[in-house]
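# Geometric and topological summary
Residue strings, one per chain:
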Amino acid sequence: MSLREAYTTLFLSILDKDGEIKDTADLKHEGKSVDQETVIGVLKSLESREVIKYETISREQLVLTEEGADIADNGSYEARVFYAVPEGEENGISVADLKSKLGQAAQFGQGRAIKNKWIKKSANGGFTRAVESIVDESQNLLRDIREKGAYHDEKVVKDLKKQKHISASKVTSYRVVKGDKFTTQIVKEETDITEEMLKSGEWKTATFKKYNFNAAGVQPRSGALHPLMKVREEYRQIFLELGFSEMPTAQYVESSFWNFDALFQPQQHPARDAHDTFFLSDPATSDRMPMDYVERVKQVHSVGGYGSIGYGYDWKIAEAEKLVLRTHTTAVSSNMLYKLAKEFQETGEWKPVKWFSIDKVFRNETLDATHLAEFHQIEGVVADRGLTLGDLIGTLHGFFKKLGIQKLRFKPAYNPYTEPSMEIFAWHDGLNKWVEIGNSGMFRPEMLLPMGLPEDVAVIAWGLSTERPTMIKYGYNNIRDLVGHKCRLDMVNRNPIARVDK
Amino acid sequence: MPTVNVDAERYVFKPLKKTFDAKEFEELCFEFGIELEEATSEREMAAKEGEKADDLSDKLVYKIDIPANRYDMLCGEGISRALKAYLQIEKPPVYKVVHPVNGKALEKLYVKPETGAIRPHVVAAILRDVTLDQGAYDSFIELQDKLHNNICRKRTLVAIGTHDLDTIQGPFSYEALPPKSLKFIPLNQSKAMDGEELMKFYETDRKLSKFLHIIRDAPRYPIIFDSKRTVLSLPPIINGDHSKIKLSTKNIFIECTATDLTKAKIVLNTVVTMFSQYCSKPFTVEPVEVVHADGTSVVYPDLSSRTVEADVNYINRSIGVNLEADKIAELLEKMSLSAQTSEDHKKVIVSVPPTRSDILHACDVMEDVAVAYGFNNIVETTPKFGTVAVQQPVNKLTDQLRREIALAGYTEVLPFTLCSHDENFAWLNKEDKGEAVKLSNPKTVEYEVVRTSLLPGMLKTINANQHYPRPFKIFEVSDVVFKDDRSEYERRSRNQRNLCAVYSNNASGFENIHGLLDRIMMKLDVKLVPHGDANGYYIKESENATFFPGRRADVYYQNEVIGSFGIVHPNVLEKYEISFPCTAIEINVEPFV
């Protein structure tokens with residue numbers, strides 16, 4: 001029989017006999033006081049079936065400190081001194097011997113023993129007994145308190161507390177009476193409904209253990225999608241809802257030509273530095289670009305054209321041929337716009353487009369909490385005759401509204417391939433300030449016209465990273481907790497569904 | 001984006017006749033397209049760097065971020081001039097080239113042919129009767145530093161030397177000499193050094209050591225002398241001590257040597273337009289004649305304005321506004337561009353000052369109109385054409401597969417695309433047959449190749465998660481990259497979309513991965529067929545060394561191998577420091593698109 005079952009039997013039998021348990025603190029089981037923590041468990045279970053009712057009794061109980069317990073067990077210091085002095089007036093003990101026998105207790109006890117007239121000083125400076133026997137009241141008092149947990153004289157209690165022989169502690173016990181459905185019969189509690197119970201109909205009469213709704217449920221075994229990929233899907237969905245078609249971005253290796261030159265990014269631009277861009281050793285270069293177009297790009301960089309004075313430098317094909325890991329998905333956009341221009345040249349028919357892409361780009365960064373060598377870039381592109389800066393602003397408002405961002409403003413910025421260029425700022429309620437969330441602009445004529453696009457075609461575009469908003473949304477401070485092989489699988493598993501507009 | 005520190009009182013409050021609070025000035029900067037990064041002081045800045053700050057000034061300093069193409073705003077002088085125009089307090093100055101009085105000849109700078117091989121271009125100019133106070137002097141030094149770090153590309157393209165003209169004697173000569181045969185006392189030093197000694201001496205210099213490589217190994221170093229063979233400078237490293245600028249300097253000789261002439265002219269123009277402010281006749285510059293080896297000569301600087309015409313219609317239809325030509329001209333004045341309207345009011349004729357090298361095309365004029373009008377005052381519109389959105393089929397299938405694999409109880413992971421050569425080959429018991437794209441200059445040493453397999457990232461993920469409870473069931477559907485020299489690949493390489501999954505537990509769980517493959521095929525509606533049948537998939541035991549003998553197989557679809565699976569070989573696990581069995585599958589999903 002378990003302890004719980006034993007207690008249950010005990011309580012029910014007392015209640016049956018007396019109708020009440022005045023205080024469970026008084027109950028004994030197998031000679032020991034019952035454990036009140038087990039008691040409450042049993043009472044709760046009985047109460048849930050209305051077998052009993054109970055109320056809590058709270059009170060202070062006096063308990064002995066370590067020193068108090070020592071006195072209760074081994075006697076007060078003065079009594080110890082008395083017993084250390086040999087019997088008979090002729091026999092005594094020197095101070096030194098007393099000390100070596102009792103240690104510190106000799107010091108604490110000898111004064112009180114003299115005051116109680118139990119011992120007296122002898123002629124040779126030692127001690128002799130003054131009485132034949134003593135009663136150790138201090139010991140008796142502490143033994144009494146230890147047994148009862150209380151004492152009637154407040155003053156004595158106060159003194160003992162001061163001496164640190166006793167302290168007060170809070171104890172809880174219970175008064176128990178019969179409940180509406182009192183029975184001495186102990187019922188088996190079922191924890192679950194089983195197939196057998198359904199078959200036998202036992203469920204109709206069975207008693208069920210109360211379910212603890214505060215405990216955690218059993219987690220289902222499940223797979224999960226990665227948080228960043230979920231955010232990526234959301235952005236993809238938003239673009240598709242807005243009528244944007246996906247660009248083919250499955251091409252990490254790009255020539256400097258498409259990544260930089262076609263975008264009117266001069267060859268000495270810092271972004272083209274080995275410090276920022278991954279160049280390749282194998283394959284190192286490619287000369288497979290459309291050469292007539294390459295020639296037009298060379299012209300516009302070095303001597304200008306299409307209304308531009310150009311950058312006025314010695315443009316080198318060797319630089320353009322260097323292969324890199326693309327530093328932005330705009331490399332793909334430039335290639336797509338070139339193809340669009342070619343189609344226009346061949347058919348004479350202009351087709352406006354809305355495009356997007358979300359894919360990896362690479363930067364030769366030193367890795368830290370906010371920088372990785374690879375991240376996902378989101379890009380949107382719209383091309384049509386006569387698009388305006390107002391169209392870009394309106395398109396951005398439309399896009400960011402889908403992300404739950406209502407308030408935007410724009411700051412003039414510089415970018416080699418867009419003019420005007422605008423940094424996009426969003427109002428962040430939590431941070432109570434404007435936060436930069438992306439970049440945008442209208443592609444420069446020096447980029448579009450060499451491709452062969454009609455002169456009145458304007459192309460508006462914007463870009464942002466996937467990682468940054470995801471880190472803000474889910475509160476990551478270190479990018480490596482989110483991306484890469486070191487991120488924790490249980491993080492992926494527990495991460496909520498991505499609702500970018502919430 | 002370069003950051004310029006300016007004394008707020010001297011360069012903002014006084015010229016703009018207004019004491020701004022930080023918030024107000026931040027707003028002004030935002031609309032104009034620069035950025036107030038911080039309002040601070042010299043003392044605060046030093047304290048932040050953990051340097052001694054006791055005797056530094058508490059004067060308010062604005063740290064302002066400047067767009068990378070606005071060299072004219074790389075100093076306080078330029079920023080105040082631009083803001084004064086923007087707030088319509090004062091029109092920007094007109095810069096003038098003024099020849100010496102009394103018909104005196106121009107100072108000449110002769111170029112020797114040897115310079116052609118190392119640093120072929122030089123331009124120069126003179127600022128006369130200058131009065132510099134400490135603030136102007138500091139700003140002058142600071143501007144050169146900013147130019148060196150930005151447009152000059154750390155002195156590779158252009159290097160600036162400035163000299164006290166009264167300590168030297170023209171005509172000057174720009175030469176290139178073997179390092180051993182030149183000797184002078186460099187700036188702020190006391191000992192004369194030859195070229196070799198000088199390189200050695202500055203090797204450990206915090207500021208200058210990074211420029212040494214530009215000429216160090218050249219057989220001849222560029223050098224500028226005066227008529228008495230006094231060394232003015234050894235560009236792009238250091239000036240001579242003899243001609244150094246002091247607070248008391250009255251006449252300043254400025255030379256810029258370069259590998260890019262266009263940029264040398266821009267740099268010279270920037271320095272002289274900014275600091276001619278302190279000449280007794282403000283905004284005047286005395287020219288210098290540069291005489292080339294072939295006898296031709298050019299007079300610098302060219303401070304003439306360039307004319308750019310922009311269609312009113314082009315400007316309006318690009319921004320989405322409807323402004324009269326006169327209004328456009330007025331807005332351009334705010335941006336330091338003086339403009340007139342053509343007779344028929346269909347054009348604005350903009351005179352671009354020498355300070356505005358950023359204006360290449362009418363679109364730059366259009367941008368300035370938009371900035372002056374205020375980006376945030378433009379009425380938003382939306383493009384008026386309908387489109388039908390189309391997904392990339394491979395991405396659509398990828399997302400469908402990812403969901404199915406996650407539903408099968410696998411967790412998606414996102415390791416990196418770049419990895420080490422060993423991770424991609426040797427550690428997988430794989431030989432490098434030259435199929436991987438290799439990086440030439442990674443800052444992170446472990447990034448040597450673009451992965452050709454998703455497996456290394458998966459194994460690294462398991463390694464990093466080893467202390468969590470098993471089993472691990474992870475997957476990724478992502479791109480690997482192969483070199484491919486076939487002519488249809490312009491970039492001589494191609495991405496391929498792969499699917500990889502790994503199961504790991506106390507036992508290998510080989511049949512679980514086999515089961516996952518069957519399930520994926522079930523979801524792709526591809527049937528298991530006998531070997532050799534092209535109408536489905538089948539599995540054939542293989543010799544793939546990444547996997548354990550007898551527990552490894554290739555997956556065939558339409559009679560082509562599309563991937564493989566197996567118990568990961570214990571040798572591979574050892575390399576990835578994984579102490580319990582793993583089974584993996586990797587297949588190419590592109591045949592199913």
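Treat the numbers as computed from the prediction; the structure is a model and nothing was measured.

### With respect to the domain arrangement of chain B
Residues and elements named next belong to chain B. Assigned domains of chain B: these are domain 1 (3-86), domain 2 (96-300), domain 3 (306-354 + 361-372) and domain 4 (393-592). Computed over C-alpha atoms only, the centres of domain 1 and domain 2 are separated by 28 Å. Between domain 1 and domain 2, the residue contacts involve 12 residues of the former and 16 residues of the latter. For the pair domain 1 and domain 2, the two sides together bury roughly 1100 Å², of which 58% comes from carbon and sulfur. The three residues of domain 1 that bury the most area against domain 2 are Tyr71, Leu74 and Arg81, which together make up 47% of that side's buried surface. At the junction of domain 1 and domain 2, the tally comes to one salt bridge. A salt bridge links Asp133 to Arg10; the nearest nitrogen and oxygen atoms lie 2.9 Å apart. The interface formed by domain 1 and domain 2 holds eight residue pairs in polar contact (both at pLDDT 80 or more) in total. With four residues, helix 4 (residues 76-86) is the largest single contributor of residues to the side of domain 1 that touches domain 2.

### Concerning unusual backbone geometry
Backbone torsion omega between Asp282(A) and Pro283(A) reads -5°, so that peptide bond is classified as cis. With respect to the secondary-structure elements, Pro283(A) resides in the loop between strand 12 (280-282) and helix 12 (291-302). Pro171(B) follows Gly170(B) through a cis peptide bond whose omega is -5°. Secondary-structure assignment places Pro171(B) in the loop between strand 7 (158-164) and strand 8 (172-177). For Ser336(B), which is not glycine, the phi torsion reads 65° and is therefore positive. Among the structural elements, Ser336(B) can be located in the loop between helix 9 (325-334) and strand 18 (338-341). According to the relative accessible area criterion, Ser336(B) is buried, its value standing at 12%. The backbone of Asn429(B) shows a phi angle near 60°, a positive value even though the residue is not glycine. Relative to the elements of secondary structure, Asn429(B) occurs in the loop between helix 12 (421-424) and strand 22 (438-439).

### A short note on the packing of aromatic side chains
Applying the stated criterion across every chain yields a total of 40 aromatic pairs over all chains. Taking the centre distance of 5.6 Å and the plane angle of 20° together, the rings of Phe510(B) and Phe565(B) count as stacked. Residue Phe510(B) is found in helix 14 (residues 510-523), and its partner Phe565(B) is found in strand 28 (residues 560-568); the two are separated by 55 residues along the sequence. Following the ring pairs from residue to residue traces out a cluster consisting of Tyr235(A), Phe239(A), Phe244(A), Phe356(A), Phe399(A), Phe400(A) and Trp462(A).

### A look at the interface of chain B and chain A
Buried accessible area, meaning the area lost when the parts come together, often serves as the stated size of an interface. Between chain B and chain A, the contact holds 102 residues from the first and 108 residues from the second. Interface of chain B and chain A: buried area, both sides summed, is about 8600 Å²; carbon and sulfur atoms make up 55% of it. Considering only the side of chain B, the residues that lose the most area to chain A are Phe30(B), Leu414(B) and Arg491(B), jointly responsible for 10% of the buried surface there. Joining chain B to chain A, the criterion identifies 11 salt bridges. Put simply, Arg409(A) and Glu27(B) hold a salt bridge, and the shortest N to O gap is 3.1 Å. Across the side of chain B that touches chain A, the residue classes break down as 45 nonpolar, 26 polar and 31 charged.

### Some remarks on the sheet that holds strand 27 (residues 547-557) of chain B
To summarise the sheet geometry, strands pair through backbone hydrogen bonds and adopt either a parallel or an antiparallel arrangement. Residue and element names in this part refer to chain B. Spatial strand order, 20-24-25-29-28-27-26: seven strands in an open sheet with mixed pairing. A single partner strand is all that each edge strand has here, and the edge strands are strand 20 (411-412) and strand 26 (537-541). As defined by bridge partners, strand 20 adjoins strand 24 (residues 472-483) across two bridges and the pair is classed as parallel. Within strand 24, the position partnered with Thr411 by the bridge is Ile474. Contacts from helix 11 (residues 393-407) reach strand 20, strand 24 and strand 25 (493-504) within the one sheet, and its direction differs from that of strand 24 by about 160°.

Thresholds applied
Numbering of residues starts from 1 in each chain and follows the order in which that chain's sequence is written. The lettering of chains begins at A and the numbering of ligands begins at 1, in the order of writing. The predicted origin of the model limits local features to residues at a pLDDT of at least 70 and limits the giving and counting of side-chain atom pairs to 80 or more, whereas totals for whole chains, interfaces and linings rest on all residues. With hydrogens and water stripped out, all remaining heavy atoms of the structure feed into the side-chain values. Domain boundaries shown here were taken from an automatic or database domain assignment. Two residues qualify as a contact provided that any one of their heavy atoms is within 4.5 Å of a heavy atom in the partner residue. What counts as buried area is the accessible surface, traced by a 1.4 Å probe, that two parts surrender upon association, with contributions from both included. Salt bridge criterion: a side-chain nitrogen from Lys or Arg within 4 Å of a carboxyl oxygen from Asp or Glu. Counting of polar contacts relies on pairs of N or O atoms within 3.5 Å, with two restrictions inside protein: one atom must be capable of donating a hydrogen and the other of accepting it, and residues adjacent in sequence are counted only when both atoms are side-chain atoms. Secondary structure is summarised from DSSP: a helix means a run of H or I of at least four residues, a strand means a run of E of at least two, and numbering begins at the N terminus for each. Residue exposure (1.4 Å probe, protein chains only): buried if accessible area is under 20% of the type maximum, exposed if over 50%, otherwise partly exposed. Only centres within 6.5 Å qualify two rings of Phe, Tyr or Trp (six-membered ring in Trp) as a pair; their planes then separate them into stacked at under 30 degrees, edge-to-face at over 60, and tilted for everything else. Put simply, Ala, Val, Leu, Ile, Met, Phe, Trp, Tyr, Cys and Pro go in the nonpolar bin, Asp, Glu, Lys and Arg in the charged bin, and everything else, Gly too, in the polar bin. For two strands to be treated as a pair, DSSP must find no fewer than two bridges joining them. Angles here are taken between N-to-C directions and fall from 0 to 180 degrees, while the axes themselves are lines fitted to C-alpha atoms, restricted in helices to the stretch in contact.

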